[in-house]
Amino acid sequence: MHVKSASGNCKVRELREKLGLGRTVFGAKIGCSYQQIQRFEDGTVSVSDEVIRKICSEYGVNEEWFAGERTEPQQLEDRGELQRRRMRLAYEESGLTQREFAEKTHTATSMLGDVLAGKRQLTIRYAKKIEEALDVGADWLLYGDEEAKECPLSDEMTSYIKKHPELRKEIREKMEADREMHNNDIRT
């Protein structure tokens, strides 16, 4: 597949915005950093065929759209419907009744029902309550970030890590080792 670089760069931004994703979340799913996505979008760096294939695979987009052969990337599902599906899944996996789920997340049963029925949007605040109560990632609920589904980096966990410098040091060392390994892979 051959994509004109300017066209591909514009398509990255267009798709990311249609999905309602920030550069960090969008890029993480395809192995790119916030800065890489920003460079693609502003035209500083051309989008490679490999990155386009990853985007198409991860987000269910037709490669023909990137080449300018289609006017729409795909029939993108409504973001709210995707959130409701993930919320239903979390609710079903919890094994709780609707009332128990609402109590555990400190919300009204009617609110839970309204969100599941599509009468209300899933807010960041409500997603955070679910994250804290059920250990299900708010980023997964809101944006579909599969890596954030289980054992999320919740506010509670962040607070705990802040209070334990030995954990921060261990995490920092692991991050630096991973970065070094990644840089070595790029050089070879």
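I will try to describe carefully the structure that is included in this document. Since the structure is predicted, the reported quantities are computational estimates derived from the model, not experimental observations.

Let us now look at the overall build of the protein. Looking only at helices and strands, the protein features 12 helices and zero strands. Counted from the first residue to the last, the protein has its helices and strands arranged as α-α-α-α-α-α-α-α-α-α-α-α. Burial statistics for the protein: of 188 residues in total, 34% are counted as buried. Taking as baseline every contact in the protein between residues at least 6 positions apart, the subset at least 24 positions apart corresponds to 49%. Carbon and sulfur atoms make up 48% of the accessible area of the protein, which amounts to about 11700 Å² in all.

Okay, the packing of aromatic side chains next. Taken as a whole, this structure holds one aromatic pair when the rule is applied. With 5.4 Å between their ring centres and 85° between their planes, Tyr-91 and Phe-101 make a pair best called edge-to-face. In this pair, Tyr-91 is assigned in helix α6 (residues 79-94) and Phe-101 in helix α7 (residues 98-104), connecting sequence segments 10 residues apart. In this structure Tyr-91 comes out as buried when scored by relative accessible area, which is 18%.

Formed by 19 residues in total, the largest nonpolar core has its most connected members in Leu-15, Phe-26, Ile-30, Ile-55, Tyr-59 and Phe-66. Elements with a minimum of two residues in this core: α1 (5-19), α2 (23-28), α3 (34-42), α4 (49-59) and α5 (63-66). The biggest single contributor to this core is α4, with five residues. Counting 18 residues, the second largest nonpolar core, distinct from the first, contains Tyr-91, Leu-112, Leu-116 and Ala-127.

Attention now moves to helix α8 (residues 109-117). Along α8, the residues that are buried comprise Met-111, Leu-112, Val-115 and Leu-116. Seen end-on, α8 carries its buried residues on one side only, within an arc spanning 130°. Within α8, the exposed residues directed more than 90 degrees away from the buried face are Ser-110 and Ala-117.

As a further point, take unusual backbone geometry. Located in the positive-phi region is His-106, a residue other than glycine, with phi close to 55°. Under the relative-accessibility criterion, His-106 is labelled exposed at 66%. With a phi angle near 60°, Asp-135 is a residue other than glycine that sits in the positive phi range. Along the polypeptide, Asp-135 turns up in the loop between α9 (124-134) and α10 (138-143). A relative accessible area of 46% means that Asp-135 is categorised as partly exposed.

So, about α4. All of the buried residues along α4 are Val-51, Ile-52, Ile-55, Cys-56 and Tyr-59. Seen along its axis, α4 keeps its buried residues to an arc of 135°; they face one direction. Following α4 by one or two positions, Gly-60 adopts a phi angle in the positive range, close to 65°.

What counts as what
Residues numbered from 1 in each chain as written. Predicted model: local features only at pLDDT ≥ 70, side-chain atom pairs only at ≥ 80, totals over all residues. Heavy atoms only, no water. Helix = DSSP H or I, 4+ residues; strand = E, 2+ residues; numbered from the N terminus. Buried < 20%, exposed > 50% of the residue type's maximum accessible area, 1.4 Å probe, protein only. Contact = heavy atoms within 4.5 Å. Areas by Shrake-Rupley, 256 points an atom, 1.4 Å probe, with all protein chains shown as cover. Phe/Tyr/Trp six-rings, centres within 6.5 Å; stacked < 30°, edge-to-face > 60°. Core = buried A, V, L, I, M, F, W, Y, C linked by side-chain atoms within 4.5 Å. Arc of directions from axis to C-beta.

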